[in-house]
Amino acid sequence: MAIAILFVTNMPTFAGGILTNTNQSVNFLRNPARDGAIGIDGVYSNPAGVLFMGEGFHLGFNWQYAHQTRTVTSQNPLYSLGYQNNNLSEKIFKGVADAPIIPSIQAAYNKGEWSFQFNFSVPGGGGKCEYSHGVGTFETAVGAIAQRLANVSTLLNQQIGALGASVPNVTGYDMNAYMKGQQYYFGVQIGAARKINEHLSVYGGLRLLYGSASYEARINNIRVMDGQSGVTLPEYFEGVVNGIVGARAAISANAEKVQLGINQYVNAYMAAGMTQEQAMQTPEVQQLVATSQGLLAADGRLQAVSEDVVSSAETLAPYANGMNLKSDQNGWGVAPVLGIDYKTGRLNFAAKYEFKTRMRMKNNSTLKQASVVEATNKYIDGSSVPEDAPALFTVGAQWSVTDDVRLNLGYHHFFDTNAHWYQHSEKDLDGDSNEFLAGAEWDVTKRLQVSGGAQLTRYQLSDKFMNDMSFVVNSWSFGLGVGYQVTDKVKVNAAYFQTNYDNYDMDTPAQSISGMGLEVPAGHNTFTRTNRVIGVGVELTL
């Protein structure tokens, strides 16, 4: 049902800005403040600092598994019309997002004053989000249909009940809904760092992003209910038309009887010596004339209602049997990456700037032409959708308090409002995203390390930006883990990372569904999420 393909477009991001993942290694999960650290994972987080690792080949292999939920607690009067909603106007819609395999590879070859680097990762997306019962936008659209038809049925039955005719009553609706979105942004980054002197190194590289996404939405078994029994939309409109036809037939029959009565009175009065004009002015005839005119007016009103019902039936006909939309998208983009690292004594400072990646995702979709609902046009077959990855600026510092203990700080700024997203939704934000990070690492023994850290993520959200298909909320995260030096050339890492989200509350304004004559009343949404990640990795020095 195209009414409800106001589709999920949210990437299953795990840490970072709205469209960017920053957790590209298990070292990040152990301690997210890696922007000023020196290690093989720095190929992503601090590429200029990788040069200070020493000469030779350095390799890092990482696997992560992430499990997320997205929950919208929605309030709207229309939900109380739902057969499965127990007369409640509040309903919880929960999406489950799993990313069982999030891989990343970092590689560097350091020789003299140069470091040549390669990174493969999933800097955006990474899994699928599935709503087994759809979302509120789906259901309120169907509820608006039921509300409108309930009003139609009530008014019609009031008009035609005395005529011995009726149309189906509507007390609510029933439906099944499902939605799933899956998105992966695969990233390949190549570059080189050069040591300017014993303290300073710089980096330049290119990042290639390839985006692949698929979306699916279904609504079926749509029924308008009368208590515990229900009919499909075509069956409902057939019942309405039959009721109107029956009522008009009754009006026609009554009109014939009234006209027969008028003729009988007029003939009788004329036989008694009145003229026809005088006979028509008698009280009995005038009363029957008024009745006839009332029947004629009622027939006109029913004719207008019948035309409106037919028009509504034609408008809803393409969606009467539900909806099954599928869309696959793909696209790619390239952007430069710059970095700098300054190391002195026990202190290390670093910065990195990733330029905006211009992305256009092309649709291969079952939606072949524009729909009456504007948001569905994002999935028109053959169209290209802007989905830029925003520019990112990071700074970080590491202080080796002792030979065994290191403290880390970091800061991320995502230039979200300078990106270009569908219908320029970036302009609905109140500002860019910011993250603040801190952590520590301790060499318990020569072989065993433990580390932990935290990250605070703050978006500049607005009610206009938020919706139940795609949303983010402010959060704070923590990670902890261990590293074990198996041999001088092999190290393994394991970690756990969890994000704790705030609630975002917003009132939803009343709205009309364009072209449908449907009204959705005002309501309220509360948004929140959960996120848990585990990971293991291995580092090799050759």
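All residue numbers here refer to positions counted from 1 along the written sequence of the relevant chain. Owing to the predicted nature of the model, reporting of local features is limited to residues with pLDDT of at least 70; listing and counting of side-chain atom pairs is limited to 80 or more, with chain, interface and lining totals taken over all residues. Excluded from the side-chain calculations are hydrogens and water; all other atoms, namely the structure's heavy atoms, are used.

Visitor: Describe the overall build of the protein, with residues and values.
Guide: Starting at the N terminus, helices and strands are each numbered in turn, a helix being any DSSP run of H or I of at least four residues and a strand any DSSP run of E of at least two. The number of helices and strands found in the protein is six helices and 20 strands. Between the two quantities, the radius of gyration covers C-alpha atoms and the globule rule is 2.2 Å times the number of residues to the power 0.38. The C-alpha radius of gyration of the protein comes to 34 Å, more than 25% above the 24 Å expected for a compact globule of 542 residues. In terms of overall dimensions, the protein has a C-alpha envelope of 130 × 40 × 30 Å along the principal axes. Whether a residue is buried, partly exposed or exposed follows from its accessible area with a 1.4 Å probe, protein chains only, as a fraction of its type maximum: under 20%, in between, or over 50%, in that order. Residue burial in the protein is summarised as follows: out of 542 residues, 52% are buried. Of the roughly 23300 Å² of accessible surface on the protein, 56% is carried by carbon and sulfur atoms. His is not counted here, nor are the chain ends, while Lys and Arg score as positive and Asp and Glu score as negative. By convention, charge coordinates are those of NZ in Lys, CZ in Arg, CG in Asp, or CD in Glu. In the protein, which carries 37 positive and 46 negative side-chain charges, the distance between the mean positions of the two groups comes to 10 Å. Only the protein chains shown count as cover for residues, and the accessible areas themselves come from Shrake-Rupley with a 1.4 Å probe.

Visitor: Give a detailed account of the packing of aromatic side chains, specifying residues and quantitative values.
Guide: In this scheme Phe, Tyr and Trp rings, the latter by its six-membered ring, pair at centre separations within 6.5 Å, and the angle between planes marks the pair as stacked below 30 degrees, edge-to-face above 60, and tilted otherwise. For the structure shown, the criterion picks out 16 aromatic pairs. With 5.8 Å between their ring centres and 50° between their planes, Tyr79 and Phe93 make a pair best called tilted. Taken together, the positions of Tyr79 in the loop between strand S1 (56–75) and strand S2 (90–111) and Phe93 in strand S2 put the pair 14 residues apart, joining distant regions of the chain. Aromatic side chains Tyr215 and Tyr379 sit 5.5 Å apart centroid to centroid with 70° between the ring planes, which places their arrangement in the edge-to-face category. One end of the pair, Tyr215, is in strand S5 (residues 200–226); the other, Tyr379, is in the loop between strand S9 (360–365) and strand S10 (384–386), and 164 residues separate them in sequence.

Visitor: So what about the pattern of salt bridges? Which residues, and what values?
Guide: By convention in these notes, a salt bridge is any Lys or Arg side-chain nitrogen within 4 Å of a carboxyl oxygen on Asp or Glu. Scanning the entire structure with this criterion turns up 15 salt bridges. Glu139 is the salt-bridge partner of Lys91, the closest N and O atoms lying 2.9 Å from each other. You can see Lys91 sitting in strand S2 and its partner Glu139 sitting in helix H3 (residues 136–160), a full 48 residues away along the chain. Its relative accessible area of 21% is what places Lys91 among the partly exposed residues. Given a relative accessible area of 4%, Glu139 falls into the buried group. Between Asp443 and Arg406 there is a salt bridge; the shortest N-O distance is 2.7 Å. Of this pair, Asp443 sits in strand S13 (residues 433–443) while Arg406 sits in strand S12 (residues 405–414), and the two are 37 residues apart along the sequence. Of the residues examined, Asp443 reaches a relative accessible area of 16% and is grouped as buried. Here the salt bridges share partners, and the residues they tie into one network are Arg30, Arg406, Glu441 and Asp443.

Visitor: Quick rundown of a nonpolar patch on the surface? Include the residues and the values.
Guide: Taken together, the side chains of Phe118, Phe186, Ile190, Leu206, Leu208, Tyr210, Trp332 and Val334 present a nonpolar region at the surface, about 760 Å² in accessible area. Looking at the nonpolar patch, the elements that each hand over two or more residues are strand S4 (172–195), S5 and strand S7 (323–344). When residues of the nonpolar patch are assigned to their parent elements, the largest contribution, three residues, is made by S5. Within the element layout of this structure, Phe186 appears in strand S4. On the basis of relative accessibility, which here comes to 32%, the residue Phe186 falls in the partly exposed class. A patch is a set of surface residues, each over 30% in relative accessible area and not in a salt bridge, joined within 9 Å for like charges and within 5 Å for the nonpolar side chains Val, Leu, Ile, Met, Phe, Trp and Tyr.

Visitor: Outline the confidence of the model for the protein, listing residues and values.
Guide: What pLDDT reports is the predictor's confidence in each residue, on a scale of 0 through 100. In this model, the protein carries a mean pLDDT of 89, and residues with pLDDT of at least 70 account for 94%. A low-confidence stretch, residues 1–14 stays under pLDDT 50, and its non-local contacts, those more than four residues away or across chains, total 87 contacts. Note on definitions: a residue-residue contact is assigned when non-hydrogen atoms from the two residues lie within 4.5 Å.

Visitor: Explain helix H6 (residues 283–316) to me, and be specific about the residues and the numbers.
Guide: Across its 34 residues, H6 extends 49 Å between first and last C-alpha, which sits within 8% of the 50 Å expected from 1.5 Å per residue. Restricting attention to buried positions, one finds in H6 the residues Val285, Val289, Leu295, Ala298, Asp299, Leu302, Ser306, Val309, Ser312 and Leu316. Where H6 is buried, its residues touch H3, helix H4 (233–271) and helix H5 (276–280). Residue count minus one, scaled by 1.5 Å, sets the expected span of a helix.

Visitor: Outline the packing of H4 against H6, supporting the account with residue identities and numerical values.
Guide: The angle between two axes is taken between their N-to-C directions and runs from 0 to 180 degrees, where each axis is a line fitted to C-alpha atoms and a helix contributes only its stretch in contact. Axis separation between H4 and H6 bottoms out at 9 Å; the angle between their running directions is 165°. With respect to H6, the axis of H4 lies roughly antiparallel. When the axes of H4 and H6 are compared, the crossing they make is left-handed. Three categories are distinguished: nonpolar for Ala, Val, Leu, Ile, Met, Phe, Trp, Tyr, Cys and Pro, charged for Asp, Glu, Lys and Arg, and polar for the others, with Gly belonging to the last. Of the residues assigned to the contact of H4 with H6, the class counts are 22 nonpolar, seven polar and three charged. Any angle between 65 and 115 degrees counts as roughly perpendicular, while under 35 counts as roughly parallel, over 145 as roughly antiparallel, and the rest as oblique. Handedness of a crossing is defined here by the sense of rotation of the near helix relative to the far one, left-handed for an anticlockwise turn of less than a right angle and right-handed for a clockwise turn.

Visitor: Any chance you could break down the nonpolar core for me, citing the residues and the numbers?
Guide: Soluble globular proteins tend to pack their nonpolar side chains together in the buried interior. We call a set of buried residues a nonpolar core when its members are Ala, Val, Leu, Ile, Met, Phe, Trp, Tyr or Cys and they connect through side-chain atoms within 4.5 Å of each other. Grouped together as the largest cluster of nonpolar side chains are 45 residues, with contacts concentrated most on Phe138, Met175, Leu461, Met466 and Phe527. Of all elements in the fold, only S2, strand S3 (114–131), H3, S4, S5, S7 and strand S17 (504–508) reach the threshold of two or more residues within this core. The element that contributes the greatest number of residues to this core is S5, accounting for six residues. Residues Leu78, Val258, Val266 and Val289 belong to the second largest nonpolar core, which totals 35 residues.

Visitor: How would you explain unusual backbone geometry if you had to name every residue and give the values?
Guide: One non-glycine residue, Asn86, lies in the positive phi region at around 55°. Within the fold, Asn86 resides in the loop between S1 and S2. Backbone geometry at Asn87 places phi at a positive 65°, although glycine is not the residue there. Secondary-structure assignment places Asn87 in the loop between S1 and S2. Residue Asn87 is classed as exposed on the basis of its relative accessible area, which comes to 65%.

Visitor: An account of the packing of H3 against H4 is needed here, citing residue identities and associated values.
Guide: Remark: H3 packs on H4, axes separated minimally by 11 Å, with the N-to-C direction vectors making an angle of 15°. In terms of their interaxial angle, H3 and H4 are classed as roughly parallel. For the pair H3 and H4, the sense of crossing is left-handed. Contacts between H3 and H4 involve Ile145, Leu149, Val152, Ser153, Leu156 and Ile160 from the former and Leu233, Tyr236, Phe237, Val240, Gly243, Ile244 and Ala247 from the latter. Tallied by class, residues from the contact of H3 with H4 come to eleven nonpolar, two polar and no charged.

Visitor: Explain H4 to me, and be specific about the residues and the numbers.
Guide: If you check H4, its first and last C-alpha atoms are 57 Å apart, about what 39 residues at 1.5 Å a residue would give, namely 57 Å. Of the residues trailing H4, Gly273 is marked for its positive phi of about 110°.

Visitor: Could you give an account of the environment of Val473, with specific residues and numbers?
Guide: By the element assignment, Val473 lies in the loop between strand S14 (448–458) and strand S15 (475–485). When sequence neighbours within four positions are dropped, the list of residues in contact with Val473 reads Tyr459, Leu461, Met466, Tyr501, Asp502, Tyr504, Phe527, Thr528 and Arg529.

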